Structure formats: C-alpha cells, structure tokens
Amino acid sequence: MKFKDLSVFFQKVESASKRLEMTAILAELFQQLDSEERQRINEIIYLSQGQLLPAFRNVEFGMSEKLIHKAIAEATGRSHDDIGKAFRSLGDYGEVTQQLSGSGAGKLEVTEVYERLSELSKFSGEGTVKKKVEFLAVLLREVSPLGAKYVVRIILGKLRLGVGDPTVLDALSLAYSKSKQLRPALERAYNLCSDLGLVADILFSKGIKAVEEFKVIVGCPIRVALAARLSSAEEIIDKIGVCAVEAKYDGFRCQVHKKGDEVQIFSRNLENTTSMFPEIESAARKQIKIKNAIFEGEALAYDPQTKECLAFQETVQRKRKYDIDIMQKRFPLKLFIFDLLFAGDDLTRISYEQRRKVLSGLLRKGDVLEISPVTIAHSAGELADVFEEAIAAGREGIVAKRLDSPYQAGGRNFNWIKLKRSYSGTLNDTIDCVIVGYFFGKGLRSSFGIGSLLACVYDQNEQRYKTIAKIGSGLSEEDLKQFKKKLDEMKIKSQPKEVDSLIQPDVWLTPKFVVEVQADEITRSPVHTCGKKAEGEPGFALRFPRTVSGIRIDKNSEDATTVDEISKIFSMQGRRT
Ligand code: AMP
C-alpha cells in the first residue's frame, strides 16, 4: 500500500465524528491489505495512533516546531515568512505543509515511510539537528501533500485521528471475522502486552487461536490490575468473603520485568521508569532468585537514618529524570512486592493464593525488595483490625484481595478492593475548579473527545488562574460528550494570558466553566502552579481528583475556590508520615 493511500484513510478517519464510523473505516483499511502487507500490519496500527512503536518503547523524534518549520521551508522552497503566516492562520504545521507542498510524487510505500521515520527517530551525535531537517525535507518532498501533513503531525506527536485502543480492537475483529465477537480475546491479549501492533500481527499471521492462547512476554508491560473501592470492612467481607488483606502503600506502582540481567521497570501507566529507580533495577538482579520474572509492587521512599517510610509527597520526588543520584541518596526506595505475574511461565491465570505461594520463595534477603505481608481475614472484625494496624503504621489503608482471583490485567473490579483512611475524610469538602483546557486522552476515553480536564483555582491576589489538578475521573460517557460540546465553546488556540500553567493541555479553553471536584487530599506537587511561590518550589495538587458535578452555571470563574483557601486546607491536613 502506498503511504498516499493510507493518508486518504487517515483523512477519512479524521473527519469521522462517530466511533462506529471510524471503526468501519479502519476495518476497511485492514481488509484492503494484501497478504504481504498484513505481515506488517503492526506498522499501520502504530502509525494510525501517531506512533512508530507502542508508547512504552518511548520513541521520540526530538524535533521541535522550529525544526519542522525549517524542514518545511527546505522541502517547499517557501520563505520562513510564508510558513509563519500560514501557521498563524492554520495553527497546525501539518496543514501548513499540505497547503504549501506542490504536488508531491507520493510514490513511497507505507513501509518505506515507516522505515524513514524510524531512521529519523534514531539520529544522534554531532550535526543531528541539521541532518534531521534535511532528512525530513527529502521525505516531505517524496510523499503526497496529504501524506506530508500526516508525516509532520506524527513527528510533532499531534496526529490526533482519535483512534483509541478499543476502536482498533473492534476494527481488527471486524476485518478478521466480519463481527465484533473477537474483541474480548483481542482485548485480553492486548491487556497482557500493551502492544496493539503485536496483537494484530498475531491475529493475521497465526490466527485467533494464537491470540486466545497469548501469554505474557517479559519486556512488554502488562496493563495493571486496579482496585475497586468500598467503604467498610463489612461491605468487603459481604462482597468477597474470606480474603487476603495487605497494607495499601502510598507510593508509586512499579511493574518490574527481569529477563536475565536485563531489568525494566514500568509505571502504572506503562511509562518506562527504569532509569529513575536504579536501586530497584539492581536489586531485581541481586534479590530475585529466578532468571525471568515479572512482579509488581509499590515503591516508597524511606529515611536512610531512621529507616522509616516517608509520605507520598516525599516519595514522589523520586519520579524525575534528572539528579537521580542525589535523590537516591536522600530518598532511597523500598519496593513492597504484592504480586507475581511471571515466573518462568505466565502466572496471570492462576489464583492470587497460588501466585503468592510462588512469590514467597522468590526473594533473597536484601535492602530494597520486600514482600508485602498478608493477613487472611475471616470476618469483618479481623479485616478492621488489619486496617487499624495499617493506619497506625502510617499506611494509606488496606487492599483486600479475593483468594481465588486471577490477575485481571487492565481491569478495575472486585478482585481487589481498597479501603482507605481518607474516605473517612481528610478532605471532606469539595473544591470548585475552573476548567482551562482538556486532554484528548488515550484508550476508550479518547473516543469521547475528552480524556481529562485541566483544572485551576483562582488566585485573587494575582487575578489569575493557577492549575491544581488534571481530572480524569467522575464523568460518565454521557457527561463527557455533553462536556465537550459545552467546553468547545471556549476553545482558543493558545494559553490564555490569565492562566498560569506549566502543563500544556491538548486544547486550551478560556476560563469560564466551574465544576465541583472531590479529592482525597491536597498534596505538594512540582507540576502545578497553585501556591507555587518561586521557581523550583512545589505548588499544591489535588490527589485523586474527580468531578462530582456538571458545569455549575450558577458560578462564575472568579467564584472558584481560591489559592488562599487551598493553602489553609493544606495546613489543616497537617503533615502525615
Ligand atoms: P487505585 O490506583 O486507586 O486503584 O489503587 C490501587 C493502587 O494502590 C495500585 O495501583 C497500587 O499502586 C497501590 N497499592 C498500594 N499497595 C498495594 C497493595 N498491597 N496491593 C495492590 N495495590 C497496592
């Protein structure tokens, strides 16, 4: 298939407004591939999501808009002024390229474009910038104008066809079986490897049986299992009966993949965080007795002197790309392992109890990895006792786990149930936030046009809006659709002057709409500007924010909760460790 023809499909998907329509267009695309092309269907899948590989592989082009601007100038022979003017009117370098490209030959095959893009992402060393610009300029001349638009958008990470994972899964099922019946099997395999291209590849090269029998692969992150919540020990026992109870550690989740001496760590949202946590990486080599394993745990920072675990606010400072050595000394980590997903073989289908049994014999003694202790609770009273102990030890609460449950990749259900201290209310009141932007989101939510909202509170002193949360929970599908319509009325091209934000949403909105937000508590955060007094100092953030109201038409943006109020609530919460 020519890239030119793929671009036409992309255009159709882009202009489709409904997910069903998009699914049908993608299915048609997959069906059109001949048998040779189907062997490289993964490339088409990645490209259709604006990527070269699944997100956890961290492919980056490292080309800013400025460099793209230069490449367009070189490819089209147009002046920088012309390009600047076109950009100011179109607001998108993809469209600028399309408009200014002559009649590009468009002879390149999809695989050729894919390979060139891969090559571009790998340039390094001296003179890289110049080489990248020249290389891209040549590519832009060789694809069709429409193709050039999509090439530019892919490089800028702004393809935005709105093709979410569920759409691709449905389209694969449709293309292969003319119905959506294969979706559960495809989804299960996807949850186990987080790689849609790989799943498509297996489907078309080996068939649906191979997809059904798919097993986890060390090195491919498994989409994490999540916990449902209930609000009392009684409710939990009523729901799942005798269960295992573990402390709920308030740190960050690490899924560790060990393949011989090669260790990779993935975060809850599948980001590769290996380089951030060198002590976990080396402990996995030293402390894990078997050659190949995948395990999950919660990482907590501790005080090297007292050996006591620290609060989330401290632990979170380890999530950084720079000064890792310094932070490692100040805030060394312990990983409390709570599950084992692979030990020479896929363990996700066996019960929690069996997985735990294998886990109990897995570790050598050491400073970093520890197995999280478990108590079996036979009654609500016993469960409540463990909860109290956990709280007394400074933990966030407990997670109760069904003894016979498999590891449900990518699922939030009652196999795991969390019971947290904060439900009894460290932050009882809701916060009124102004929405200043939104993110398209990934997966299912992207099909509604909004994945999460960028929320601010009001700084009365500066008369500006300061960010305090990115909110992805609380809205139903219906709400999201309604919300999008309403919020889009406020859409603008760039960051409004009255908004102070270090975060760049996909869509900026003029501050107007207020929503009520519930959160577990207020924490310090380097990414938000609320309460941030100076460069390098943290601001405040809402922890686990979720909307609990629609748009409050009775409130103006200036009626939102203020930075001063947030600061007061924070100091009332006190410091906890
Ligand atoms: P939630 O993210 O609200 O669904 O709560 C589940 C999160 O709690 C997981 O993603 C883990 O990061 C964290 N967690 C802390 N301790 C445990 C534990 N013992 N078992 C499972 N998850 C835990």
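None of the values given here were measured: they were computed from a predicted structure. (Residues numbered from 1 in each chain as written. Predicted model: local features only at pLDDT ≥ 70, side-chain atom pairs only at ≥ 80, totals over all residues. Heavy atoms only, no water.)

**Q** Explain the domain arrangement of the protein here, please?
**A** A common measure of how large an interface is: the accessible area buried when the components associate. What the domain assignment reports for the protein is domain 1 (3-156), domain 2 (226-419) and domain 3 (431-576). Here the C-alpha centroids of domain 1 and domain 3 sit 33 Å apart. (Domains from an automatic or database assignment.)

**Q** Even after reading the chapter, I still don't get the site of the ligand, so can you show me in this structure?
**A** Every one of the 15 residues lining the ligand counts as a neighbour, but Arg253, Arg268, Glu298, Arg412 and Lys418 are closest to it. Measuring from an oxygen atom of the ligand, one finds a backbone N or O atom of alanine 227 at 3.4 Å. Measuring from an oxygen atom of the ligand, one finds a side-chain N or O atom of arginine 253 at 2.7 Å. About the coverage of the ligand: the protein hides 96% of its 480 Å² of free accessible area. (Near = heavy atom within 4 Å. Polar contact = N/O pair within 3.5 Å; in protein donor to acceptor, adjacent residues only side chain to side chain. Areas by Shrake-Rupley, 256 points an atom, 1.4 Å probe, with all protein chains shown as cover.)

**Q** I keep staring at empty space enclosed by the protein and nothing clicks. Help me out?
**A** A probe matching the size of a water molecule, rolled over the atoms, marks out where space remains unfilled. As enumerated under the stated definition, the model contains 2 cavities of 30 Å³ or more in all. Its volume calculated, the second largest cavity comes out at about 40 Å³. Around the second largest cavity sit Ala225, Leu226, Arg355, Pro406, Tyr407, Gln408, Gly411, Asn413, Asn415 and Trp416, which together line it. Each residue belonging to the lining of the second largest cavity can be placed in one class, and the counts come to 5 nonpolar, 4 polar and 1 charged. (1 Å grid on protein atoms, 1.4 Å probe; cavity = no way out; pocket = protein on both sides within 12 Å on 5 of 7 lines; lining within 4 Å. Points joined across faces, edges and corners; volume = space filled by probe spheres on them. Nonpolar A, V, L, I, M, F, W, Y, C, P; charged D, E, K, R; others polar.)

**Q** Sorry, what's going on with the nonpolar core here?
**A** Core analysis: the biggest nonpolar cluster contains 98 residues, and Phe30, Leu47, Leu117, Leu136 and Leu172 have the highest contact counts within it. When residues of this core are assigned to their parent elements, the largest contribution, 8 residues, is made by helix α10 (residues 145-156). Non-local contacts of leucine 117, meaning those with residues more than four positions away in its chain, are made with Leu47, Leu52, Phe61, Leu139, Val151 and Ile155. Formed by 31 residues, the second largest nonpolar core is a distinct cluster that contains Cys433, Leu487, Val517 and Phe540. (Core = buried A, V, L, I, M, F, W, Y, C linked by side-chain atoms within 4.5 Å. Buried < 20%, exposed > 50% of the residue type's maximum accessible area, 1.4 Å probe, protein only. Helix = DSSP H or I, 4+ residues; strand = E, 2+ residues; numbered from the N terminus. Contact = heavy atoms within 4.5 Å.)

**Q** For this particular structure, what's the right way to read the packing of aromatic side chains?
**A** Within a pair of aromatic rings, the relevant descriptors are the distance that separates the centres and the angle that separates the planes. A complete count under the given rule lists 12 aromatic pairs for this structure. Ring geometry for phenylalanine 338 and tryptophan 416: centres 5.8 Å apart, planes at 90°, overall edge-to-face. Here the residue phenylalanine 338 occupies a position in strand β6 (residues 333-343), and tryptophan 416 occupies one in strand β10 (residues 412-420), the gap between them amounting to 78 residues. Its relative accessible area of 6% is what places tryptophan 416 among the buried residues. In this structure an aromatic cluster arises from ring pairing among Phe338, Tyr407 and Trp416. Note that lysine 319 overlies the ring of phenylalanine 252, its terminal NZ or CZ placed 5.8 Å from the centroid. The ring centre of tryptophan 416 lies 4.1 Å from the NZ or CZ of lysine 401, which sits over that ring. (Phe/Tyr/Trp six-rings, centres within 6.5 Å; stacked < 30°, edge-to-face > 60°. Lys NZ or Arg CZ within 6 Å of the ring centre and 35° of its normal.)

**Q** Would you mind showing me how to read the sheet that holds β10 here?
**A** Sheets are built from strands paired through backbone hydrogen bonds, the pairs being either parallel or antiparallel. The strand order across the open sheet formed by 5 strands is β1-β10-β9-β2-β8, and the pairing between neighbours is mixed. A single partner strand is all that each edge strand has here, and the edge strands are β1 (226-229) and β8 (374-377). For this sheet the average axis-to-axis angle between neighbouring strands, irrespective of direction, equals 40°. Pairing of strand β9 (residues 397-402) with β10 involves 5 bridges; the strand directions are antiparallel. Across the sheet, glycine 397 pairs through a bridge with lysine 420, a residue of β10. Contacts from helix α19 (residues 352-360) reach β2 (243-248), β8 and β9, with the element oriented near 60° to β2. (Pairing = 2+ DSSP bridges. Axes fitted to C-alpha atoms, helices over the stretch in contact; angles between N-to-C directions.)

**Q** Help me understand the side chain of arginine 356 in this model?
**A** With respect to the helices and strands, the residue arginine 356 is situated in helix α19. Classification of arginine 356 as buried rests on a relative accessible area of 12%. One polar contact links arginine 356 to serine 372, side chain to side chain, over a distance of 2.9 Å. In this view, arginine 356 contacts Glu246, Ile337, Phe338, Ile371, Ser372 and Val374; residues no more than four positions away in its chain are not counted.

**Q** Hey, could you run me through the pattern of salt bridges in this one?
**A** Here the idea is simple: oppositely charged side chains can pair when their charged atoms come close. Applying the stated criterion across every chain yields a total of 33 salt bridges. Between arginine 116 and glutamate 142 there is a salt bridge, with the nearest N and O atoms lying 2.7 Å from each other. Of this pair, arginine 116 sits in helix α8 (residues 110-122) while glutamate 142 sits in helix α9 (residues 128-142); the two residues are 26 residues apart in sequence, bridging distant segments of the chain. Relative accessible area serves as the criterion here: at 28%, glutamate 142 is assigned to the partly exposed category. (Salt bridge = Lys/Arg side-chain N within 4 Å of Asp/Glu carboxyl O.)

**Q** Help me out: how do you make sense of the packing of α9 against α10 in this one?
**A** When two helices pack together, their arrangement is given by the angle between the helix axes and by the axis-to-axis distance. Axis separation between α9 and α10 bottoms out at 9 Å; the angle between their running directions is 150°. Taken together, the axis directions place α9 and α10 in an arrangement best described as roughly antiparallel. Between α9 and α10, the residues in contact are Leu136, Leu139 and Leu140 and Ala148, Val151, Val152 and Ile155, respectively. Classifying every residue of the contact of α9 with α10 by side-chain character gives 7 nonpolar, no polar and no charged. (Parallel < 35°, antiparallel > 145°, perpendicular 65-115°, else oblique.)

**Q** Looking at this model, I keep getting lost on the sheet that holds strand β7 (residues 369-371). Mind explaining?
**A** Ordered in space as β4-β3-β5-β6-β7, the 5 strands form an open sheet in which the pairing is mixed. One side of each edge strand has no neighbouring strand; the edge strands of this open sheet are β4 (262-266) and β7. Across this sheet, the average inter-strand angle for adjacent strands is 35°, counted without regard to direction. Where strand β5 (residues 292-301) lies against β6, 9 bridges are found, and the strand directions are antiparallel. The residue of β6 that forms the bridge with glutamate 298 is phenylalanine 336. Set on the sheet, α19 makes contact with β6 and β7; between it and β6 the angle comes to about 120°.

**Q** I tried to follow the pairing of β6 on my own but got confused; where do I start?
**A** Two faces, one strand: in a regular strand the side chains alternate between the faces of the sheet. Of all 11 residues that make up β6, 10 are buried, and the element is covered over most of its length. As paired elements, β6 and β7 share 3 bridges and run parallel to each other. If you follow isoleucine 337 over to β7, its bridge partner there is isoleucine 371.

**Q** Where do I start with the pairing of β5 in this structure?
**A** Most of β5 sits out of view: 9 of its 10 residues are buried. Examined bridge by bridge, strand β3 (residues 252-259) and β5 share 8 bridges and lie antiparallel to one another. Counterpart to glutamine 255 in the pairing with β5 is glutamate 296.

**Q** Looking at this structure, I do not really get a nonpolar patch on the surface. What am I missing?
**A** Where nonpolar side chains cluster on the molecular surface, the patch consists of Val242, Val374 and Ile376 and spans about 200 Å² of accessible area. By the secondary structure assignment, isoleucine 376 is in strand β8. Judged by relative accessible area, which is 36%, isoleucine 376 ranks as partly exposed. (Patch = residues over 30% accessible without salt bridge, like charges linked within 9 Å, V, L, I, M, F, W, Y side chains within 5 Å.)

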